[in-house]
Amino acid sequence: GGSGSASTIKQVKLERESELRIEVGNDAPLRLRLLNGTAEIFGTELPPEIWLNFPPRLKFAVFTWYGATIEMDGATETDYTADETPMVSYVNVHAVLDGRRSRAKASSPDDSVSSQGPRVIVVGPTDSGKSTLSRMLLSWAAKQGWKPTFVDLDIGQGSITIPGCIAATPIEMPIDPVEGIPLEMPLVYFYGHATPSNNVELYKVLVKELAGMIERQFTGNAESRASGMVINTMGWIEGVGYDLLLHAIRTFKANVVLVLGQEKLCSMLKDVLKSEPKVDVVKLQRSGGVVSRNAKVRQKARSYRIREYFYGLSNDLSPHSNIANFSDLFVYRVGGGPQAPRSALPIGAEPAADPTRVVPVNINRDLLHLVLAVSFAKEPDEIISSNVAGFIYVTDIDIQRKKITYLAPSAGELPSKYLIMGSLTWLET
Ligand code: ATP
């Protein structure tokens, strides 16, 4: 193991309750298969003997409960075996959640409290393994036939859609270790920035919209309701970040708070939530396998996510370049608009930019290289309360001819003429 540069086939024998931690090399993919025994990647079982292809830079672990032999083909950045993992404590949490789901399912659907399955929220500092734990809990639940809803509130490194969004999607099958979260019908709200500090108020409003929408879906769907949800959050846990965590816990009515690797955060949450008696706050150990990522790596990861949206994980999608007239599209941004002049306000009033005001934007070269969301809104004043259909990427603005060129996942007309801009840019490389 170690800083291996193995470029030929190698076999690794894993003892029970141990894992093989792998960082795929930067330039070439890695092939891997399960030769014998049983093993899983973040909660999803590996099929026996079938070669799986892992793209460059992917970081993951192959864990075995009872022992396994793994075969690898290709260069890795690192690969090593670890026999100390928090997996037993994670699967114990799963068992408790599973019991609660069964009890919810057995209750009368008319009893909205007892028919509600667990609403789990995973919190902790950056690089504590929140996304990974969320994924395991979802895959283990799906394996048992539940359809839990995955909610991702992480606008920086979310795993449902592009950065700058909060989103939710039902998980009906264990999550594919390569493809990730299935993208069939995600419910997506566009915030437009990679950090909540750009517009904290807007972030809260969108979290509320998303929670309200899921609440309505649960009302009509006893199976989803009993399966409950797993909510992934941002790694920002200080100051405003902490307030936003509390806001999310309360808005989604979370009843299980899993705190990864931070004693202080755990005791603070226990303290404030003790007056809300039906909330369990549980501290869990961070896995030693979680890979830390600095600001530059995170920025790169955001860029890859946007690329993946348009081109697919392995260049398997072909986006279309489209041209529209300025007059065909209506671009809006939310908040931060020009403040009302002091002279227009009553005496003594301070001018304040309404953080949730929807402001029309003139199409000009400032839009170049921006990623815009296509809103489902039918009227501009519905933009904040509407989810989005998808995204476009502005590749050219021709001021003279008043034409805008953009990349979209497919050809043809956009589902709506209302577009939302934020500060999300992308440089296609
Ligand atoms: P963020 O700060 O972005 O919210 P996070 O707390 O959600 O991060 P993860 O995304 O779960 O952290 O993990 C960070 C990286 O470490 C991911 O690339 C993940 O695949 C990898 N990772 C997590 N657990 C392991 C493990 N046991 N072995 C190898 N890699 C792992």
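From a predicted model like this one, the values you see are computed outputs, not experimental measurements. (Residues numbered from 1 in each chain as written. Predicted model: local features only at pLDDT ≥ 70, side-chain atom pairs only at ≥ 80, totals over all residues. Heavy atoms only, no water.)

## Some details on helix H2 (residues 130-143)
Thinking step 1. Here H2 is 14 residues long and its end C-alpha atoms lie 20 Å apart, about the 20 Å a rise of 1.5 Å per residue gives.
Thinking step 2. Counting buried positions over the 14 residues of H2 gives ten, a clear majority of the element.
Thinking step 3. Buried within H2 are the following residues: Lys130, Leu133, Ser134, Met136, Leu137, Leu138, Ser139, Trp140, Ala141 and Ala142.
Thinking step 4. Backbone geometry just downstream of H2 places glycine 145 in the positive-phi region, at approximately 95°. (Helix = DSSP H or I, 4+ residues; strand = E, 2+ residues; numbered from the N terminus. Expected span 1.5 Å × (residues − 1). Buried < 20%, exposed > 50% of the residue type's maximum accessible area, 1.4 Å probe, protein only.)

## Brief notes about the sheet that holds strand E15 (residues 256-260)
Thinking step 1. Taken together, seven strands build an open sheet; the order of strands is E13-E12-E11-E14-E10-E15-E16 and the sheet is mixed. Bordering the open sheet on either side are strand E13 (187-190) and strand E16 (280-284), each of which pairs with just one other strand. Ignoring strand direction, the axes of neighbouring strands in this sheet form an average angle of 15°.
Thinking step 2. Two strands pair when backbone bridges link them, and strand E10 (residues 119-123) and strand E14 (residues 229-232) are joined in this way by four bridges, in the parallel orientation. Bridge pairing links arginine 119 to methionine 229 in E14.
Thinking step 3. H2 contacts E10, strand E11 (149-152), E14, E15 and E16 of the sheet and is inclined by roughly 170° relative to E14. (Pairing = 2+ DSSP bridges. Axes fitted to C-alpha atoms, helices over the stretch in contact; angles between N-to-C directions. Contact = heavy atoms within 4.5 Å.)

## Some words on the sheet that holds strand E18 (residues 330-334)
Thinking step 1. Taken together, seven strands build an open sheet; the order of strands is E17-E22-E21-E20-E23-E18-E19 and the sheet is mixed. Both edges of this open sheet fall to strand E17 (320-325) and strand E19 (358-361), since each of them pairs with a single strand only. Across this sheet, the average inter-strand angle for adjacent strands is 40°, counted without regard to direction.
Thinking step 2. In this sheet, strand E21 (residues 388-398) lies alongside strand E20 (residues 371-375) in antiparallel orientation, the contact comprising five bridges. Counted as the bridge partner of valine 371 is tyrosine 393 from E21.
Thinking step 3. Sitting on the sheet, helix H7 (residues 295-311) is in contact with E20, E21 and strand E22 (403-408), with an inclination near 95° to E21.

## Quick look at the environment of glycine 212
Thinking step 1. Counting through the fold element by element, glycine 212 comes out in helix H3 (residues 200-219).
Thinking step 2. Overall, glycine 212 belongs to the partly exposed group, its relative accessible area being 22%.
Thinking step 3. On a C-alpha basis, the gap between glycine 212 and aspartate 316 in space is 35 Å, while along the polypeptide they are 104 residues apart.

## Quick look at the packing of H3 against helix H5 (residues 240-251)
Thinking step 1. Here H3 crosses H5 at 20°, and the two axes come no closer than 10 Å. By the criterion of interaxial angle, the relationship of H3 to H5 is roughly parallel. The element H3 and its partner H5 pack so that their crossing is right-handed. On H5, the residues that touch Val200, Tyr203, Lys204, Val207, Lys208 and Ala211 of H3 are Val240, Leu244, His247 and Thr251.
Thinking step 2. Of the residues that constitute the contact of H3 with H5, the class distribution is six nonpolar, two polar and two charged. (Parallel < 35°, antiparallel > 145°, perpendicular 65-115°, else oblique. Left-handed = near helix turned anticlockwise from the far one by under 90°. Nonpolar A, V, L, I, M, F, W, Y, C, P; charged D, E, K, R; others polar.)

## What about the site of the ligand?
Thinking step 1. Residues in close proximity to the ligand total 21 residues, the closest being Lys59, Asp127, Ser131, Thr132 and Arg293.
Thinking step 2. Within the side chain of serine 287, an N or O atom sits 3.4 Å from a nitrogen atom of the ligand.
Thinking step 3. In the environment of the ligand, a nitrogen atom lies 3.2 Å from a nitrogen or oxygen atom belonging to the backbone of glycine 289.
Thinking step 4. Protein coverage of the free-state accessible area of the ligand, which is 640 Å², stands at 91%.
Thinking step 5. Contributions of two or more residues to the shell around the ligand are made by strand E2 (18-24), strand E7 (59-64) and H2.
Thinking step 6. The class makeup of the residues in the shell around the ligand is five nonpolar, eight polar and eight charged. (Near = heavy atom within 4 Å. Polar contact = N/O pair within 3.5 Å; in protein donor to acceptor, adjacent residues only side chain to side chain. Areas by Shrake-Rupley, 256 points an atom, 1.4 Å probe, with all protein chains shown as cover.)

## Focus: the environment of leucine 329
Thinking step 1. Mapped onto the secondary structure, leucine 329 falls in the loop between E17 and E18.
Thinking step 2. The spatial distance from the C-alpha of leucine 329 to the C-alpha of lysine 417 is 5.0 Å, given a sequence separation of 88 residues.
Thinking step 3. Apart from the residues lying within four places of it in its own chain, the contact partners of leucine 329 are Ala324, Ile363, Ile404, Tyr406, Leu414, Lys417 and Leu419.

## What to know about the packing of aromatic side chains
Thinking step 1. Across all of its chains, the model carries eleven aromatic pairs by this definition.
Thinking step 2. Seen in terms of ring centroids, phenylalanine 54 and phenylalanine 60 are 4.3 Å apart; in terms of plane orientation they differ by 15°. Their pairing is stacked.
Thinking step 3. Look at phenylalanine 60 and you get buried, because its relative accessible area is 5%.
Thinking step 4. Ring pairs connect the aromatic residues Phe190, Tyr309, Phe310, Phe391, Tyr393 and Trp426, which therefore count as one cluster.
Thinking step 5. Above the face of the tryptophan 51 ring, arginine 31 is positioned so that its terminal group lies 4.1 Å from the ring centre.
Thinking step 6. The side chain of arginine 307 reaches across the aromatic face of tyrosine 311, ending 4.5 Å from its centre. (Phe/Tyr/Trp six-rings, centres within 6.5 Å; stacked < 30°, edge-to-face > 60°. Lys NZ or Arg CZ within 6 Å of the ring centre and 35° of its normal.)

## Thoughts on the nonpolar core
Thinking step 1. Counting residues in each nonpolar core, the largest one holds 106 residues, and the members touching the most others are Leu32, Phe60, Leu153, Leu210, Phe252, Val257 and Leu269.
Thinking step 2. If we ignore the near neighbours within four places in the chain, the residues touching leucine 210 are Val151, Leu153, Ile166, Ala167, Ala168, Leu187, Tyr189 and Phe252.
Thinking step 3. Listed in part, the 20 residues of the second largest apolar core include Phe326, Leu329, Leu368 and Leu419. (Core = buried A, V, L, I, M, F, W, Y, C linked by side-chain atoms within 4.5 Å.)

## Description of the pattern of salt bridges
Thinking step 1. Inspection of every chain in the model, using the stated rule, returns 17 salt bridges.
Thinking step 2. Its salt-bridge partner being arginine 298, residue aspartate 127 comes within 2.9 Å of it at the nearest N-O pair. Of this pair, aspartate 127 sits in the loop between E10 and H2 while arginine 298 is found in helix H7, placing the two residues 171 residues apart along the sequence. Each member of the pair, aspartate 127 as well as arginine 298, is classed as buried.
Thinking step 3. For the salt bridge of glutamate 276 with arginine 250, the shortest nitrogen-to-oxygen distance reads 3.0 Å. A residue pair is termed long-range when its members are at least 10 positions apart, and glutamate 276 in the loop between helix H6 (263-273) and E16 and arginine 250 in helix H5 qualify at 26 residues.
Thinking step 4. Under the relative-accessibility criterion, arginine 250 is labelled partly exposed at 41%.
Thinking step 5. The structure contains a network of salt bridges with shared partners spanning Arg119, Glu215 and Lys253. (Salt bridge = Lys/Arg side-chain N within 4 Å of Asp/Glu carboxyl O.)

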